[in-house]
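Here is how the chains run, residue by residue.
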Amino acid sequence: GNGVYGVLTDEVTDISLTQQLVTFIQYYDSQSYTTTTSFLAISNTLKGNNSADAPQIKKVLLEQLQSVGLEVQTMRSFVSDGASVMTGARNGVAKLLKDENPLILSFHCLAHKLALACASSADTLDYIAHCELQLHQLWKLFENSAKRAATYLKVQESTKNLTLNSAGRKQVAKKLKKACRTRWLSLDKLVEAVFTDFCAIIETLKTEPMGSAADGLLKTMKNVKFIGTIYILHDVLPVLSQLSKRFQRGNVNFSHLLPAIKATHAKLNRLKEDKECLK
């Protein structure tokens, strides 16, 4: 109440490689008696400047707020991806905002923190990191080639002995496109696609010329260790993704977070002990 609000903001790079600042605000809606999150603005981060440093990001953010009549004095929370430019103790955006309004609380997005924790643990397992790189390269091949995607659809039809109508082909293409757009822990969508349609993917890669990127991927993917890793990730990633989605809910109850994290630990330990994926 009292017209206060919170800000959720992040830098993104759009398809034209322009740096953009995307901002949402969260506030209490006295009419519906609910906490509401609404899109505020998307702006060129480098507008009038050569560097997207903290002062510039703060300037663009304040312009976004002022465009709808919001004042920094009524801001109560600032949520970001935790990057140093956003949360740096000396000159981060959060610090610059707090200089104007000491009541602002700065938060590192929970979903970002989970993604960073998972990425850091994967870095200590060289082969997992290698597999993740191969998976992203695999879907880049499909994402950048309509012809290759069409071949994949045809192979799916033949390997599964089915005939897809127009709607069915669109659905499979949509699924493929969704896997191509994977980010963070949505890697589980990518792994799910490989797990489900491994044979179709292998046959599609075989249609590519020898010595191409597809040829290298084919050699990697036919390796028993790679296939075994896919089986492990197929069981592990959905557990982590479920926790990430819980963090991303519009209204997070902090009292539920620790039990959710403990439940995730328990599920992962159960997978480790049962070794179902290896069986």
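The structure displayed is predicted, hence computed values, not measured ones.

Novice: Explain the environment of leucine 61 here, please?
Specialist: Positionally, leucine 61 belongs in helix α1 (residues 54–66). Classification of leucine 61 as buried rests on a relative accessible area of 0%. Setting aside residues up to four positions removed in sequence, leucine 61 forms contacts with Val7, Leu21, Thr23, Phe78 and Leu97.

Novice: Any chance you could explain the pairing of strand β1 (residues 5–13) here in plain terms?
Specialist: The two faces of a sheet get side chains in turn, since along a regular strand they alternate between them. Sheet analysis places β1 next to strand β2 (residues 19–29), joined by nine bridges and oriented antiparallel. The residue bridging leucine 8 from the neighbouring strand is phenylalanine 24, located in β2. Taking the residues between adjacent antiparallel strands as the criterion, β1 and β2 are bridged by five residues, where leucine 17 takes a positive phi near 65 degrees.

Novice: When you look at the side chain of threonine 23 in this model, what are you seeing that I'm missing?
Specialist: Summarising the element assignment, threonine 23 is placed in strand β2. In this structure the side chain of threonine 23 is engaged in a polar contact, spanning 2.9 Å, whose partner is the side chain of threonine 9. Threonine 23 has contacts with Val7, Leu8, Thr9, Phe39, Leu40, Ala41, Leu61 and Gln64, leaving out every residue within four places of it along the chain.

Definitions and cut-offs
Residues numbered from 1 in each chain as written. Predicted model: local features only at pLDDT ≥ 70, side-chain atom pairs only at ≥ 80, totals over all residues. Heavy atoms only, no water. Helix = DSSP H or I, 4+ residues; strand = E, 2+ residues; numbered from the N terminus. Buried < 20%, exposed > 50% of the residue type's maximum accessible area, 1.4 Å probe, protein only. Contact = heavy atoms within 4.5 Å. Pairing = 2+ DSSP bridges. Polar contact = N/O pair within 3.5 Å; in protein donor to acceptor, adjacent residues only side chain to side chain.

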